Amino acid sequence: MPIPGNPLGYTLVYAVESPAGPVLVDAGWNHQDAWLALRDGLAAVGIDVRTVRGVVVTHHHPDHAGLAGRVREESGGWIAMHEADVALVRLIRGMAGDLHRNFQADMMRRAGAGVDADAVASSSRPDPPALPDLELRDGDLIDLPGRRLRTVWTPGHTPGHVCLHLEDAGRLFTGDHVLPGITPHIGLYPYDRDDVDPLGDFLGSLDRVADLGDLDALPAHEWTFPDVAARTAEIRVHHEEKLERLLDQITALSPDALTIWDVAEQMVWNRPWTDLGPMQRGMAAGEAAAHLRTLEVRGTIRRVPGAPGDPVRFTAASR
Ligand SMILES: [Zn+2]
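Keep in mind it's a predicted model, so treat the numbers as computed, not measured.

Trainee: Would you take a moment to explain the overall build of the chain for this structure?
Mentor: Counting secondary structure elements, the chain contains 10 helices and 12 strands. Across the 319 residues in the chain, those meeting the buried criterion constitute 42%. Pairs at least 24 apart in sequence give 68% of the contacts found in the chain among residues at least 6 apart.

So this is what it looks like as structure tokens:
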């Protein structure tokens, strides 16, 4: 299904058949073109969207959960999501547009963002997703009579991201957790949190999936691929290398302490920092913050307390 105006291009939505009606894995972006692609795509394989039994959403992002509400309206089916992402959906739905933007801009200022924070404060955001009917926990079987579709909790990309193991077919729906050519965004929000470790969670979730064996992977973007375990090993190396480079960079500048924004500016992104818009810089900073937090948890860097209102800074732990 198309994601209009997004470089990712499309979301892959899957329909799992059962005697009691099909269940969709993800639902795509909330846009009329995407809706028509879903309705017509299902019709092309003999499924009337009105007979859909439910939608399992791998995580709350708009390119996955966006159309779940519309499918529910048309079919009367349920929407299921992991409880940790349901909590986020409640939070997002409870924040009016202004409140959400100010929250983001404030978090960017605390990370040393300057003018980029003002730009984000005046940007727009997609509609929040529909509130799900069912909250999933790790190991839950999805309500899909005659099949065995099991919830595998894989926090990291979001706190409630799940993969879905179709045990009767040796396949794993990987959502954004494991993609064949790219790696998902792993960010820490707010950037200066010190009570969670999303990248650490993500690396642990790679192990969880690898433990399932060499299953065929059905991801939400790009293309399907064999042997999910082999791909998790590559992604782990990618992040460990990134962590190593980051530590070298911080150690080299020590004892000077860097803000999250300083760090993000110096990291390698798919485009030069000056070509990134304020939103993309905000995401890059989230990714930088997640890597910093993992180094902090591992004890190789530490945060330097500043005066109240000053951005948080990091330096090598050895200094
Ligand atoms: Zn996502």
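Trainee: Explain the sheet that holds strand S9 (residues 216–219) here, please?
Mentor: Where strands meet in a sheet, backbone hydrogen bonds hold them as pairs that are either parallel or antiparallel. A sheet is described by the order of its strands in space; here four strands give the open sequence S6-S7-S8-S9, paired in mixed fashion. In the strand order of this sheet, the two ends are held by strand S6 (149–153) and S9, each with one partner. Taken pair by pair, the neighbouring strands of this sheet meet at an average axis angle of 25°, ignoring direction. Pairing of strand S8 (residues 171–175) with S9, which is carried by four bridges, proceeds in the parallel orientation.

Trainee: Quick question: what am I supposed to make of the nonpolar core here?
Mentor: Across soluble globular proteins, nonpolar side chains have a tendency to be buried as a group. Within the largest apolar cluster, 76 residues are counted, with the highest numbers of intra-cluster contacts made by Leu164, Ile260 and Ala285. Here this core gets seven residues from one element, more than from any other, and that element is helix H10 (residues 278–298). Setting aside chain neighbours within four positions, we find Ile260 in contact with Ala111, Gly112, Tyr191, Ala285, Ala288, Ala289, Leu292 and Val312.

Trainee: What am I meant to see in the packing of helix H8 (residues 228–253) against H10 here?
Mentor: Each pair of packed helices can be summarised by the angle the axes make with each other and by the distance between the axes. Two elements in contact, H8 and H10, have axes separated by 10 Å at closest approach and are oriented at 80°. If you check the angle between H8 and H10, you find them roughly perpendicular. Of the residues in H10, those in contact with Lys242, Leu243, Leu246 and Leu247 of H8 are His291, Thr294 and Leu295. Its residues assigned to classes, the contact of H8 with H10 shows four nonpolar, two polar and one charged.

Trainee: Just to check I follow, could you spell out the packing of helix H7 (residues 198–210) against H10 for this structure?
Mentor: In contact at an axis separation of 7 Å, H7 and H10 are set at 80° when each is read in the N-to-C sense. One way to sum up the angle between H7 and H10 is to call them roughly perpendicular. Here H7 contributes Pro198, Leu199 and Gly200 to the contact with H10, which in turn contributes Ala290, His291, Arg293, Thr294 and Val297. Broken down by class, the residue content of the contact of H7 with H10 amounts to four nonpolar, three polar and one charged.

Trainee: What's the story with the environment of Gly54 in this structure? I'm lost.
Mentor: Position of Gly54 relative to the elements: it lies in strand S3 (residues 54–56). Assessed through the 25 C-beta atoms surrounding it within 10 Å, Gly54 is described here as buried. Each C-alpha atom, one on Gly54 and one on Gly76, is 8.3 Å from the other, the two residues being 22 residues apart in sequence. In this structure Gly54 touches Val23, Gly77, Trp78, Ile79, Ala80 and Asp143, once residues within four positions along its chain are discounted.

Reading the values: the criteria
Residues numbered from 1 in each chain as written. Predicted model: local features only at pLDDT ≥ 70, side-chain atom pairs only at ≥ 80, totals over all residues. Helix = DSSP H or I, 4+ residues; strand = E, 2+ residues; numbered from the N terminus. Buried ≥ 20, exposed ≤ 12 C-beta atoms within 10 Å, placed from the backbone. Contact = placed C-beta atoms within 7 Å. Pairing = 2+ DSSP bridges. Axes fitted to C-alpha atoms, helices over the stretch in contact; angles between N-to-C directions. Core = buried A, V, L, I, M, F, W, Y, C linked by C-beta atoms within 7 Å. Parallel < 35°, antiparallel > 145°, perpendicular 65-115°, else oblique. Nonpolar A, V, L, I, M, F, W, Y, C, P; charged D, E, K, R; others polar.

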